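# Examining the three-dimensional arrangement
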Amino acid sequence: MNITLEKNSSVNATLKVALTEADYKEKVDKTLKDYRKRANIKGFRPGMVPMPLVQKMFGKSVLAEEINNILSSSVSEYIKENKLNIVGDPLPAREDQDAIDWDADKEFNFSYELGLAGEFEIDFAKLPTVTSYEIKAGDKELEDTIQNLKGQFGEQIHPEAVEAGDMVFGTFKQGEWVEKSAIPLKAVKEDALSVFVGAQKDDVLKFDIQSVFVDEKSLALATGKKVEEVAALQGEVEFTVEDITRQVASELTQEFFDKVLGKDKVASEEEFRTQVLEIVQSNYKREAEYLLRIDAEKAILENTSIELPEEFT
C-alpha cells in the first residue's frame, strides 16, 4: 500500500491511496473460506461447496467490502499519524470507484479530497471581554428541587375512591366494542372530572366518549385507537372501574434521604437540605461554565480570521 498527500493549497489537499493485491488478498481469501464453511447451497454438503463456486457467488462483494475496510482504517490512521487538521470528513473521488473493474482489476487507486484548517493566530488583546456568570440557588430553587424529588421517589397506592390526578384502570364497552384502558385524569377535561372523581372499584361510569378527553391524542391513547380513527367513536359508552392508582409524594424520612443521596449520607433534614443545595449549586456552576465556554468560543470565532476551504465557508 502506498499513501501520498498532495497539497493543492494551504487549505486543500488530495490524499491518494494505491492498493496492490498483496494488501487485500489474505483477508479476502480468509473471508471466502469462512463463507465456504457456512454456505448452505442446494446440492452440496455444508463445508463442501467448491471454492470456485464460492468465489463466483461472493468474491466480488467480499473484495469490495475488504477494500473498503482497508481504506477506512488506513486513511484514518494516516490522518492521525500525520496530525492533519482536517475540516469535515475526507471526500472520496467518485470517478475512482466508477472506473473500477471488480472482475479484472488487481491493483486499485483511490483519491480523497481533504479540507484543511489554515494556520491562524489569536490576538487575545483585541478580544472583547467575556463575562463569567455565577448562578446562585436560593430558597425557592431548593424547595422546588425537594418537591420534585419527593414526587420522583414517592410511592404508588391504590385508594378506594378516585381523586383528581389519579390513574384509573378499567374497561370500555359500547355494543360489541370492548377495550381495556388506563385513563390518566390529567387527560380528562376539567369540566368532565366529576364523571370520575369519587368513583370506586367496580363502578360503571357512563359518559359521551367525545366530551371527556382534552384532545384527540388523549382519546386515542385511552381507547387504543389511532388518532385518525377516534372521530368514528360516537355516543355514550360504559367504563367499568377496575383499579385506581395514585402517586403519593415521599415524606422527609431517613428512608427518603437514603434513596436520594445514598445510605447514611445524611442523618437529618438539615443535612439533607444542605447536601441538596450543594448539588443544585454544583449543577448551576457547570451551566455557568458551559455558558462561559460558549461565549468565549463565539468571541474568538467572530474576531479571528481563519482560512477555510471554499466548500466549508
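Treat the numbers as computed from the prediction; the structure is a model and nothing was measured.

## Describing the overall build of the protein chain
Scanning the protein chain from terminus to terminus reveals seven helices and nine strands. In terms of C-alpha radius of gyration, the protein chain reaches 34 Å, well past the compact-globule figure of 20 Å for 313 residues. Sorting the 313 residues of the protein chain into buried and exposed places 31% on the buried side. Excluding contacts between residues fewer than 6 apart, the proportion of contacts in the protein chain whose partners are at least 24 apart in sequence is 67%. Carbon and sulfur atoms make up 49% of the accessible area of the protein chain, which amounts to about 20900 Å² in all.

## Some words on the packing of aromatic side chains
All chains considered together, the criterion is met by 13 aromatic pairs. Ring geometry for Phe172 and Trp177: centres 5.6 Å apart, planes at 20 degrees, overall stacked. Taking the relative accessible area as the measure of exposure, Trp177 reaches 15% and is therefore buried. An aromatic cluster is built from Phe172, Trp177, Phe196, Phe207 and Phe239, whose rings are joined through pairwise contacts.

## So, the packing of helix H4 (residues 139-152) against helix H7 (residues 269-302)
A pair of packed helices can be characterised by two numbers: the angle between their axes and the separation between those axes. Running from N to C, H4 and H7 point in directions that differ by 105 degrees, and their axes come no closer than 10 Å. In terms of their interaxial angle, H4 and H7 are classed as roughly perpendicular. Where H4 approaches H7, its residues Glu141, Leu142, Glu143, Thr145, Ile146 and Leu149 are matched on the opposing element by Phe272, Arg273, Val276, Leu277, Val280 and Tyr284.

## Quick look at the pairing of strand S7 (residues 177-184)
With eight bridges joining them, strand S6 (residues 167-174) and S7 adopt antiparallel strand pairing. By the bridge assignment, Met167 is partnered in S7 with Pro184. Counting the residues that bridge the hairpin from S6 to S7 gives two residues, and of these Gly175 lies at a positive phi of roughly 65 degrees.

## A short note on H4
Its 14 residues give H4 an end-to-end C-alpha distance of 20 Å, which sits within 8% of 20 Å, the value for a rise of 1.5 Å per residue. Listed in full, the buried residues belonging to H4 are Leu142, Ile146, Leu149 and Lys150. Looking straight down H4, one finds its buried side chains confined to an arc of 100 degrees; they lie on one side. Looking at H4, the residues exposed on the side facing more than 90 degrees away from the buried face are Lys140 and Gln152. Tucked into the core, H4 has its buried residues touching helix H6 (254-261) and H7.

## Details of unusual backbone geometry
In this model, Lys83 sits at a positive phi of 50 degrees, which is unusual for a non-glycine residue. Mapping Lys83 onto the fold places it in the loop between helix H2 (51-81) and strand S3 (91-92). Overall, Lys83 belongs to the exposed group, its relative accessible area being 75%. Residue Asp264 is not a glycine yet carries a positive backbone phi of 60 degrees. Topologically, Asp264 is positioned in the loop between H6 and H7. Residue class for Asp264 comes out exposed when judged on its relative accessible area of 55%.

## Quick word on the sheet that holds S3
If you trace the four strands from one edge of the open sheet to the other, you get S1-S2-S4-S3, paired in antiparallel fashion. One side of each edge strand has no neighbouring strand; the edge strands of this open sheet are strand S1 (2-7) and S3. As paired strands, strand S2 (residues 12-19) and strand S4 (residues 108-115) are joined by eight bridges and run antiparallel to one another. Paired with Leu19 across the two strands is Phe108, which belongs to S4. Each of S1, S2 and S4 touches H2; the most contacted strand, S2, lies at about 135 degrees to it.

What counts and how
Residues numbered from 1 in each chain as written. Predicted model: local features only at pLDDT ≥ 70, side-chain atom pairs only at ≥ 80, totals over all residues. Heavy atoms only, no water. Helix = DSSP H or I, 4+ residues; strand = E, 2+ residues; numbered from the N terminus. Rg over C-alpha atoms; globule rule 2.2 N^0.38 Å. Buried < 20%, exposed > 50% of the residue type's maximum accessible area, 1.4 Å probe, protein only. Contact = heavy atoms within 4.5 Å. Areas by Shrake-Rupley, 256 points an atom, 1.4 Å probe, with all protein chains shown as cover. Phe/Tyr/Trp six-rings, centres within 6.5 Å; stacked < 30°, edge-to-face > 60°. Axes fitted to C-alpha atoms, helices over the stretch in contact; angles between N-to-C directions. Parallel < 35°, antiparallel > 145°, perpendicular 65-115°, else oblique. Pairing = 2+ DSSP bridges. Expected span 1.5 Å × (residues − 1). Arc of directions from axis to C-beta.

None of this, on its own, says anything about what the molecule does.
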